[in-house]
Amino acid sequence: MARKKIGIMTTGGDCSGLNTVIQRVVDGCVRRKWDILGIQDGTDGLSSIPAKTVDLTNETFQFASSHLAGSILANGNAHVTNFESAARSGKLSAFNKKLQKSLKELNLDALVLIGGNGSLSLAHLYNEIYNGLQLVCIPKTIDMDVPLTDKTVGFDTAVQQLVSYCDQLLLTARSHHRWFVVQTMGRDCGQLALHAGVAVGADAIIIPEIKFDVNNLVKHIKQSKRDYGIIIVSESISIRGHSGKPAEMISRQLTAAGITNKPAFPEYIQRAGDTTADDRILAAGFAETALTAIENNETNVMTVVQNGEYKTISLNEFFAAGKQQKDPNIVGAMTSNAYVEPDSVLLQIATDMGIYIGEKRK
Ligand code: F6P
């Protein structure tokens, strides 16, 4: 096979596991005698003149640290030029053209794009950017809101981070006879909260997909006959007539009902932490699947794992399979989203464990 030139970039928010994906893709390219170019700072780096890149083919940086979180290619900072900032200033189409021009100048045969459901949706919607090269995407996100794949890179580590956090909180909770209301990330998808809550053995898990009743939550906590424990709350739940962070809203309600408690915010440590074995295996599976797809001349595809089988699906399929929502940051753009399904096995397990998971599925 002719020598190929592959580009690789990370877009959107970071999560643990990105460096393992990068390492496995680089290893695979070196084995195939392909060149591999890292694009730095996501779309910001790609739209810079010249594009910010690093040749990874003969990379000597120590992959011994590829289990560390973050991305060695970086995802950009808050002030970067990206789809959102370009859309805000009304320059989205010029920005897209710039990306297309940069990619052409880099003269790549294929691009491995590691992104969440927002980035994957944009890759589908603004596909002309990638004209003339093979686009192969790898799904990563701690939110696990990407349709048609059972796993996304970074999710398992995020769950593990929450479990470690809650395990430690429980010790101080017991000492001080108090409950903790732990707010997880996840955007409007409850998967992260649900998985962490079941793993921890929380007393309640409140997620956006299921309506809940504060009075029943209070009743449930009181019935436990304990004076300490963990309530898990996903970041985008709301309570009518109340404002503030979800964990604070619930905390105030519990206090009013006589339950001693504090809200707690693990925040960005959910995106950090050493990559778990499960995420590393996923990274390896996705990297090899992506490189095989390139060998097979596939384009506009993403890697997925379904019932243990690694394969690619088209970005069209991905986009059509999810619930399409307006992109909150880009006028006219839509994102394809997955949520906790009413028939989720894990919801049933949580119910069987006696965890309060709310009332009615929305
Ligand atoms: O999508 C990943 C995620 O970590 C969400 O769970 C969270 O709501 C969001 O990103 C935070 O984004 P930012 O880095 O912009 O604060």
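As shown above, the structure is provided for reference.
Here's a quick rundown of the structure.

Analysis parameters
- Each chain has its residues counted from 1, following the order in which its sequence is written.
- For a predicted model such as this one, the threshold for reporting local features is a pLDDT of at least 70, and the threshold for listing and counting side-chain atom pairs is 80 or more; totals across whole chains, interfaces and linings nevertheless cover every residue.
- Each side-chain value is worked out from all heavy atoms of the structure, with water and hydrogens disregarded.
- Helix and strand definitions follow DSSP, with helices as H or I runs of at least four residues and strands as E runs of at least two, each counted in order from the N terminus.
- The buried label applies to any residue whose accessible area, calculated with a 1.4 Å probe on protein chains only, is under 20% of its type's maximum; exposed applies above 50%, and partly exposed to all values in between.
- Pairing of aromatic side chains requires ring centres within 6.5 Å, counting the rings of Phe and Tyr and the six-membered ring of Trp. Pairs whose planes differ by under 30 degrees are stacked, by over 60 edge-to-face, and all others tilted.
- Nearness is defined per residue: one heavy atom within 4 Å of the molecule or strand is enough.
- Polar contacts, as used here, are pairs of N or O atoms within 3.5 Å; protein pairs need one atom able to donate a hydrogen and one able to accept it. Residues neighboring in sequence count only if both atoms are side-chain atoms.
- Here the open area of atoms and residues is found with the Shrake-Rupley method and a 1.4 Å probe, where only the protein chains shown may cover a residue.
- Note that Gly is not counted as nonpolar here; it falls among the polar residues with everything else outside the nonpolar set of Ala, Val, Leu, Ile, Met, Phe, Trp, Tyr, Cys and Pro and the charged set of Asp, Glu, Lys and Arg.

## A short note on unusual backbone geometry
Consideration 1: For the bond from I49 to P50, the omega torsion is -10 degrees, close enough to zero to count as cis.
Consideration 2: With respect to the helices, strands and loops of the structure, P50 is situated in the loop between α2 (42-47) and β3 (53-55).
Consideration 3: Its identity as a non-glycine residue notwithstanding, N107 has a phi of 55 degrees, on the positive side.
Consideration 4: Note on placement: N107 falls in the loop between α4 (92-106) and β4 (110-115).
Consideration 5: Residue class for N107 comes out exposed when judged on its relative accessible area of 58%.
Consideration 6: A positive phi angle, close to 55 degrees, is found at N300, a residue other than glycine.
Consideration 7: For N300, the location among the structural elements is in the loop between α10 (277-295) and β11 (301-306).
Consideration 8: On the accessibility criterion, N300 (24% relative accessible area) is partly exposed.

## Focus: the packing of aromatic side chains
Consideration 1: Applying the stated rule across the entire model yields three aromatic pairs.
Consideration 2: Ring centres of F286 and Y310 lie 5.8 Å apart, and the angle between their planes is 80 degrees; this geometry places the pair in the edge-to-face category. Taken as a pair, F286 in helix α10 and Y310 in strand β12 (residues 309-314) lie far apart in primary sequence, 24 residues in all.
Consideration 3: Counting every residue linked through ring pairs, the aromatic cluster contains F83, F95 and Y126.

## What to know about the site of the ligand
Consideration 1: Taken together, I142, D143, M185, G186, R187, E235, Y268 and R271 are the residues near the ligand.
Consideration 2: Here R187 contributes a side-chain N or O atom positioned 3.1 Å from an oxygen atom of the ligand.
Consideration 3: Taking Y268, its side chain carries an N or O atom lying 2.3 Å from an oxygen atom of the ligand.
Consideration 4: Expressed as a share of its isolated accessible area of 400 Å², the protein-covered part of the ligand is 68%.
Consideration 5: Classifying every residue of the shell around the ligand by side-chain character gives three nonpolar, one polar and four charged.

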